[in-house]
Amino acid sequence: MINYTASSSSSGISFPFVLEIVGTPLPGDSFTNRLTASTVSIPGYIVDPKIISSLTHFNRLLVDLKYDFLEGRMYPKYIFSIQQQMDNTPIESLGKKLDSMRQDELTGLSDYLQSLGYSDQAYLEYLKICDERYRDMVVPSPLEQFSILPLIPMKIENLYFSFTNSSLFMLLTLSLVLLLIHFVTKKGGGNLVPNAWQSLVELIYDFVLNLVNEQIGGLSGNVKQKFFPCILVTFTFLLFCNL
(Lines give C-alpha, C1' and ligand atoms only; values in the text may rest on other atoms or scores of the structure.)
Protein backbone atom coordinates (compact mmCIF):
# COMPACT_ATOMS: atom_id res chain seq x y z
CA MET A 1 0.00 0.00 0.00
CA ILE A 2 1.28 3.47 -0.83
CA ASN A 3 2.72 5.44 2.08
CA TYR A 4 1.45 8.92 1.27
CA THR A 5 3.23 10.64 4.15
CA ALA A 6 6.61 9.17 3.27
CA SER A 7 6.13 9.89 -0.42
CA SER A 8 5.00 13.46 -0.07
CA SER A 9 7.12 16.56 -0.35
CA SER A 10 7.36 19.52 1.97
CA SER A 11 5.13 21.53 -0.35
CA GLY A 12 2.08 19.71 1.00
CA ILE A 13 0.62 16.64 -0.58
CA SER A 14 -2.83 16.61 -2.19
CA PHE A 15 -2.39 20.21 -3.51
CA PRO A 16 -4.84 20.49 -1.38
CA PHE A 17 -6.67 17.32 -2.33
CA VAL A 18 -5.79 17.98 -5.96
CA LEU A 19 -7.27 21.48 -5.96
CA GLU A 20 -10.44 20.34 -4.18
CA ILE A 21 -11.08 17.01 -5.87
CA VAL A 22 -9.18 17.22 -9.14
CA GLY A 23 -9.96 20.66 -10.48
CA THR A 24 -7.15 20.62 -13.07
CA PRO A 25 -5.83 18.00 -15.52
CA LEU A 26 -3.08 15.64 -14.45
CA PRO A 27 0.39 17.19 -14.82
CA GLY A 28 3.14 15.62 -16.85
CA ASP A 29 3.46 14.47 -20.45
CA SER A 30 1.43 11.86 -22.31
CA PHE A 31 -0.34 9.06 -20.48
CA THR A 32 1.76 6.50 -22.35
CA ASN A 33 4.96 7.91 -20.88
CA ARG A 34 3.48 7.82 -17.38
CA LEU A 35 2.94 4.08 -17.66
CA THR A 36 6.64 3.28 -17.98
CA ALA A 37 7.48 3.56 -14.29
CA SER A 38 4.08 3.42 -12.62
CA THR A 39 2.45 0.15 -13.55
CA VAL A 40 2.77 -3.62 -13.31
CA SER A 41 2.35 -6.35 -15.91
CA ILE A 42 0.99 -9.88 -16.00
CA PRO A 43 3.58 -12.66 -16.28
CA GLY A 44 3.04 -14.94 -19.27
CA TYR A 45 0.27 -14.88 -21.85
CA ILE A 46 -3.21 -14.13 -20.51
CA VAL A 47 -6.41 -14.08 -22.59
CA ASP A 48 -8.99 -13.91 -19.80
CA PRO A 49 -10.76 -10.55 -20.31
CA LYS A 50 -11.62 -10.32 -16.60
CA ILE A 51 -7.95 -10.49 -15.59
CA ILE A 52 -6.97 -8.00 -18.28
CA SER A 53 -9.73 -5.64 -17.14
CA SER A 54 -8.62 -5.94 -13.50
CA LEU A 55 -5.01 -5.22 -14.49
CA THR A 56 -6.00 -2.16 -16.51
CA HIS A 57 -8.19 -0.87 -13.68
CA PHE A 58 -5.40 -1.33 -11.12
CA ASN A 59 -2.72 0.29 -13.29
CA ARG A 60 -5.00 3.23 -14.07
CA LEU A 61 -5.47 3.75 -10.33
CA LEU A 62 -1.70 3.66 -9.71
CA VAL A 63 -1.15 6.34 -12.33
CA ASP A 64 -3.96 8.49 -10.88
CA LEU A 65 -2.56 8.24 -7.36
CA LYS A 66 0.97 8.95 -8.54
CA TYR A 67 0.10 12.19 -10.31
CA ASP A 68 -2.76 13.35 -8.07
CA PHE A 69 -1.14 12.75 -4.71
CA LEU A 70 2.56 11.90 -5.08
CA GLU A 71 3.64 14.78 -7.32
CA GLY A 72 4.53 12.39 -10.12
CA ARG A 73 6.91 10.29 -8.04
CA MET A 74 6.47 6.61 -7.22
CA TYR A 75 9.16 4.62 -5.45
CA PRO A 76 10.52 1.94 -7.85
CA LYS A 77 10.84 -0.47 -4.93
CA TYR A 78 7.10 -0.25 -4.36
CA ILE A 79 6.27 -1.06 -8.00
CA PHE A 80 8.86 -3.86 -7.87
CA SER A 81 7.24 -5.33 -4.76
CA ILE A 82 3.83 -5.34 -6.45
CA GLN A 83 5.31 -6.96 -9.55
CA GLN A 84 6.86 -9.67 -7.39
CA GLN A 85 3.45 -10.43 -5.91
CA MET A 86 2.02 -10.68 -9.43
CA ASP A 87 4.80 -13.02 -10.56
CA ASN A 88 4.21 -15.34 -7.58
CA THR A 89 0.42 -15.48 -7.97
CA PRO A 90 -1.13 -18.44 -9.86
CA ILE A 91 -2.88 -17.52 -13.10
CA GLU A 92 -6.31 -18.59 -11.82
CA SER A 93 -5.95 -16.21 -8.84
CA LEU A 94 -4.59 -13.16 -10.67
CA GLY A 95 -7.98 -11.46 -11.07
CA LYS A 96 -8.79 -11.71 -7.36
CA LYS A 97 -5.26 -10.64 -6.45
CA LEU A 98 -5.48 -7.51 -8.61
CA ASP A 99 -8.91 -6.61 -7.22
CA SER A 100 -7.61 -7.13 -3.69
CA MET A 101 -4.56 -4.90 -4.25
CA ARG A 102 -6.74 -2.20 -5.80
CA GLN A 103 -9.07 -2.33 -2.80
CA ASP A 104 -6.06 -2.06 -0.45
CA GLU A 105 -4.93 1.09 -2.28
CA LEU A 106 -8.41 2.60 -2.06
CA THR A 107 -8.61 1.80 1.64
CA GLY A 108 -5.23 3.45 2.23
CA LEU A 109 -6.34 6.50 0.25
CA SER A 110 -9.57 6.74 2.23
CA ASP A 111 -7.71 6.60 5.54
CA TYR A 112 -5.25 9.23 4.36
CA LEU A 113 -7.97 11.63 3.22
CA GLN A 114 -9.79 11.22 6.53
CA SER A 115 -6.56 12.12 8.34
CA LEU A 116 -6.52 15.35 6.30
CA GLY A 117 -10.07 16.12 7.39
CA TYR A 118 -11.88 15.27 4.15
CA SER A 119 -15.27 13.64 4.28
CA ASP A 120 -16.34 10.32 2.77
CA GLN A 121 -18.23 12.30 0.15
CA ALA A 122 -14.99 13.83 -1.13
CA TYR A 123 -13.45 10.35 -1.32
CA LEU A 124 -16.44 9.06 -3.30
CA GLU A 125 -16.24 12.00 -5.69
CA TYR A 126 -12.60 11.19 -6.35
CA LEU A 127 -13.48 7.55 -7.04
CA LYS A 128 -16.10 8.74 -9.51
CA ILE A 129 -13.46 10.80 -11.32
CA CYS A 130 -11.12 7.78 -11.42
CA ASP A 131 -13.89 5.64 -12.91
CA GLU A 132 -14.55 8.28 -15.56
CA ARG A 133 -10.87 8.35 -16.48
CA TYR A 134 -10.86 4.57 -16.75
CA ARG A 135 -13.94 4.50 -18.99
CA ASP A 136 -12.43 7.20 -21.22
CA MET A 137 -9.29 5.11 -21.60
CA VAL A 138 -10.89 1.73 -22.31
CA VAL A 139 -12.49 1.18 -25.72
CA PRO A 140 -15.09 -1.62 -25.64
CA SER A 141 -14.48 -4.39 -28.14
CA PRO A 142 -17.35 -5.91 -30.12
CA LEU A 143 -15.61 -9.27 -29.70
CA GLU A 144 -16.30 -9.30 -25.94
CA GLN A 145 -19.70 -10.91 -26.57
CA PHE A 146 -17.87 -13.96 -27.97
CA SER A 147 -15.49 -14.34 -25.03
CA ILE A 148 -15.23 -17.84 -23.58
CA LEU A 149 -15.17 -17.51 -19.80
CA PRO A 150 -14.50 -20.38 -17.36
CA LEU A 151 -17.44 -20.93 -14.99
CA ILE A 152 -15.94 -23.99 -13.26
CA PRO A 153 -12.14 -23.91 -13.71
CA MET A 154 -10.53 -27.33 -14.12
CA LYS A 155 -6.87 -27.80 -14.97
CA ILE A 156 -4.52 -30.77 -15.01
CA GLU A 157 -0.96 -29.54 -15.57
CA ASN A 158 -1.14 -27.81 -18.98
CA LEU A 159 -4.51 -29.29 -19.94
CA TYR A 160 -7.66 -27.25 -19.39
CA PHE A 161 -11.04 -28.94 -18.90
CA SER A 162 -12.92 -25.91 -17.59
CA PHE A 163 -16.69 -25.73 -17.85
CA THR A 164 -17.21 -22.48 -19.74
CA ASN A 165 -20.11 -20.25 -20.72
CA SER A 166 -19.95 -21.86 -24.15
CA SER A 167 -20.35 -25.30 -22.58
CA LEU A 168 -23.35 -24.06 -20.61
CA PHE A 169 -25.13 -22.77 -23.71
CA MET A 170 -24.39 -26.02 -25.53
CA LEU A 171 -26.02 -28.01 -22.72
CA LEU A 172 -29.02 -25.67 -22.66
CA THR A 173 -29.44 -26.01 -26.42
CA LEU A 174 -29.17 -29.80 -26.29
CA SER A 175 -31.69 -29.95 -23.43
CA LEU A 176 -34.11 -27.77 -25.37
CA VAL A 177 -33.87 -29.98 -28.48
CA LEU A 178 -34.37 -33.18 -26.49
CA LEU A 179 -37.32 -31.77 -24.56
CA LEU A 180 -38.98 -30.58 -27.74
CA ILE A 181 -38.59 -33.96 -29.44
CA HIS A 182 -39.78 -35.79 -26.31
CA PHE A 183 -42.94 -33.73 -25.86
CA VAL A 184 -44.03 -34.01 -29.47
CA THR A 185 -43.68 -37.80 -29.66
CA LYS A 186 -46.53 -40.09 -28.76
CA LYS A 187 -44.65 -41.35 -25.69
CA GLY A 188 -44.16 -37.83 -24.51
CA GLY A 189 -47.82 -36.94 -24.88
CA GLY A 190 -47.99 -36.03 -28.56
CA ASN A 191 -51.24 -36.27 -30.48
CA LEU A 192 -52.15 -38.47 -33.43
CA VAL A 193 -53.37 -35.30 -35.10
CA PRO A 194 -50.24 -33.11 -35.21
CA ASN A 195 -50.33 -29.89 -33.22
CA ALA A 196 -48.14 -26.87 -33.95
CA TRP A 197 -45.07 -28.25 -32.17
CA GLN A 198 -45.37 -31.66 -33.80
CA SER A 199 -45.74 -29.99 -37.19
CA LEU A 200 -42.52 -28.03 -36.52
CA VAL A 201 -40.52 -31.19 -35.77
CA GLU A 202 -42.00 -32.99 -38.78
CA LEU A 203 -41.10 -30.00 -40.95
CA ILE A 204 -37.48 -30.13 -39.80
CA TYR A 205 -37.39 -33.90 -40.27
CA ASP A 206 -38.78 -33.74 -43.81
CA PHE A 207 -36.50 -30.86 -44.76
CA VAL A 208 -33.33 -32.69 -43.70
CA LEU A 209 -34.55 -35.96 -45.24
CA ASN A 210 -35.14 -34.29 -48.60
CA LEU A 211 -31.79 -32.51 -48.31
CA VAL A 212 -29.99 -35.83 -47.81
CA ASN A 213 -31.79 -37.51 -50.70
CA GLU A 214 -31.18 -34.64 -53.09
CA GLN A 215 -27.65 -33.55 -52.18
CA ILE A 216 -25.92 -36.89 -51.60
CA GLY A 217 -25.59 -38.36 -55.05
CA GLY A 218 -24.21 -41.62 -56.40
CA LEU A 219 -25.47 -43.71 -53.49
CA SER A 220 -28.48 -45.92 -53.03
CA GLY A 221 -31.33 -44.87 -50.74
CA ASN A 222 -30.31 -47.32 -48.02
CA VAL A 223 -26.74 -45.97 -47.93
CA LYS A 224 -28.00 -42.38 -47.79
CA GLN A 225 -30.14 -43.18 -44.77
CA LYS A 226 -27.01 -44.09 -42.82
CA PHE A 227 -25.97 -40.42 -42.95
CA PHE A 228 -29.42 -39.09 -42.13
CA PRO A 229 -29.36 -39.36 -38.26
CA CYS A 230 -26.00 -37.56 -37.98
CA ILE A 231 -27.04 -34.80 -40.39
CA LEU A 232 -30.42 -34.37 -38.69
CA VAL A 233 -28.89 -34.02 -35.21
CA THR A 234 -26.18 -31.63 -36.45
CA PHE A 235 -28.66 -29.47 -38.36
CA THR A 236 -31.14 -29.30 -35.45
CA PHE A 237 -28.42 -28.50 -32.92
CA LEU A 238 -26.96 -25.67 -35.00
CA LEU A 239 -30.45 -24.36 -35.76
CA PHE A 240 -31.32 -24.04 -32.08
CA CYS A 241 -27.87 -22.60 -31.24
CA ASN A 242 -28.55 -19.71 -33.62
CA LEU A 243 -32.07 -18.93 -32.46
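Since this is a predicted model, take the numbers as computed values, not measurements.

## What about the overall build of the protein chain?
Move 1: Each helix and strand counted, the protein chain has ten helices and four strands in total.
Move 2: In the protein chain, the succession of α and β elements from N to C terminus is α-α-α-α-α-α-α-β-β-β-β-α-α-α.
Move 3: Looking at the 243 residues of the protein chain, the share that counts as buried comes to 33%.
Move 4: Residue pairs in contact within the protein chain that sit at least 24 positions apart in sequence constitute 65% of those at least 6 positions apart.
Move 5: Accessible surface computed for the protein chain: about 15,800 Å², of which carbon and sulfur atoms make up 62%.

## A word on the packing of aromatic side chains
Move 1: With the rule as written, the count across this model stands at two aromatic pairs.
Move 2: Aromatic pair Tyr 205 and Phe 228: ring centres 5.0 Å apart, planes at 80°, arrangement edge-to-face. Pair noted here: Tyr 205 is in helix α9 (residues 196-215) and Phe 228 is in helix α10 (residues 221-241), with a separation of 23 residues, a long-range link.
Move 3: Take Phe 228: its relative accessible area is 6%, and that puts it in the buried class.
Move 4: For the pair Phe 207 and Phe 235, a centre-to-centre distance of 5.5 Å together with 40° between the ring planes defines the contact as tilted.

## Here we look at the packing of helix α4 (residues 49-69) against helix α7 (residues 120-137)
Move 1: Relative to each other, α4 and α7 sit at 125°, their axes nearing to 10 Å. In terms of orientation, α4 and α7 fall into the oblique class. Considering only the axes of α4 and α7, their crossing is right-handed. Mapping the contact onto sequence places Ser 53, Thr 56, His 57, Arg 60, Leu 61, Asp 64, Leu 65, Asp 68 and Phe 69 in α4 and Tyr 126, Cys 130, Asp 131, Arg 133, Tyr 134 and Met 137 in α7.
Move 2: Residue composition of the contact of α4 with α7, by class: seven nonpolar, three polar and five charged.

## Side note on a nonpolar patch on the surface
Move 1: On the surface, Leu 151, Ile 152, Met 154, Ile 156, Leu 159, Phe 161, Leu 168, Phe 169 and Leu 172 cluster together into a nonpolar patch covering about 880 Å² of accessible area.
Move 2: At the level of elements, β1 (150-152) and α8 (165-184) are the ones that each hand at least two residues to the nonpolar patch.
Move 3: Ranked by residue count, the leading element in the nonpolar patch is α8, at three residues.
Move 4: Within the secondary structure, Leu 168 sits in helix α8.

## Topic: helix α5 (residues 76-87)
Move 1: The end-to-end C-alpha separation of α5 is 16 Å, in line with the 16 Å expected for twelve residues at 1.5 Å each.
Move 2: Within the span of α5, buried status applies to Tyr 78, Ile 79, Ile 82, Gln 83 and Met 86. Take α5 and look down its axis: the buried residues cluster within an arc of 135°, on one side only. Away from the buried face of α5 by more than 90 degrees, exposed residues Pro 76, Lys 77 and Phe 80 are located.

## Description of α4
Move 1: For α4, with 21 residues, the first-to-last C-alpha span of 30 Å sits near the 30 Å given by 1.5 Å per residue.
Move 2: Counting buried positions over the 21 residues of α4 gives 15, a clear majority of the element.
Move 3: One or two steps after α4, the chain reaches Glu 71, where phi turns positive at roughly 55°.

## Quick notes on the pattern of salt bridges
Move 1: For the structure on display, the rule yields four salt bridges.
Move 2: One salt bridge connects Asp 64 with Arg 60, and the closest N-O pair in it is separated by 2.7 Å. Placement of the pair is Asp 64 and Arg 60 together in helix α4, with a separation of four residues, close to one helical turn. Of the two residues, Asp 64 and Arg 60, neither departs from the other in class, the shared state being buried.
Move 3: One salt bridge connects Asp 64 with Arg 133, and the closest N-O pair in it is separated by 3.0 Å. Of the two residues, Asp 64 sits in helix α4 while Arg 133 sits in helix α7, which places them 69 residues apart along the sequence. Like Arg 133, Asp 64 is buried.

About the cut-offs
Throughout this document, residue positions are counted from 1 along each chain, in the order its sequence is written. Per-residue local features of the predicted model are confined to residues with pLDDT of at least 70, and side-chain atom pairs are confined, for both listing and counting, to 80 or more; whole-chain, interface and lining totals are unaffected and use all residues. Each side-chain value is worked out from all heavy atoms of the structure, with water and hydrogens disregarded. Here a helix means four or more residues in a row that DSSP labels H or I, a strand means two or more in a row labelled E, and each is numbered from the N terminus. Summary of the burial criterion: residues with accessible area below 20% of their type's maximum are buried, those above 50% are exposed, and those between are partly exposed, where the area comes from a 1.4 Å probe applied to protein chains only. Note on definitions: a residue-residue contact is assigned when non-hydrogen atoms from the two residues lie within 4.5 Å. Per-residue and other accessible areas were derived by the Shrake-Rupley procedure at a 1.4 Å probe size, with only the shown protein chains allowed to occlude residues. Paired rings are identified among Phe, Tyr and Trp, the last through its six-membered ring, by centres lying within 6.5 Å, and are further divided according to the angle between planes into stacked (under 30 degrees), edge-to-face (over 60) and tilted (the rest). Note on geometry: axes are lines fitted to C-alpha atoms, helical ones only across the stretch in contact, with angles between N-to-C directions running from 0 to 180 degrees. Small angles under 35 degrees read as roughly parallel and large ones over 145 as roughly antiparallel, with 65 to 115 read as roughly perpendicular and the rest as oblique. In this scheme, a crossing is called left-handed if the near helix is turned counterclockwise away from the far one by less than a right angle; it is called right-handed if the turn is clockwise. Classification convention: Asp, Glu, Lys, Arg as charged; Ala, Val, Leu, Ile, Met, Phe, Trp, Tyr, Cys, Pro as nonpolar; all other residues, Gly among them, as polar. What goes into a patch is any residue over 30% in relative accessible area without a salt bridge, connected to like charges within 9 Å or, for nonpolar side chains (Val, Leu, Ile, Met, Phe, Trp, Tyr), within 5 Å. Counted as salt bridges are all cases of a side-chain nitrogen of Lys or Arg within 4 Å of a carboxyl oxygen of Asp or Glu. Helix span, expected: 1.5 Å multiplied by one less than the number of residues in the helix. This arc is built from the directions going out from the helix axis to the C-beta atoms.

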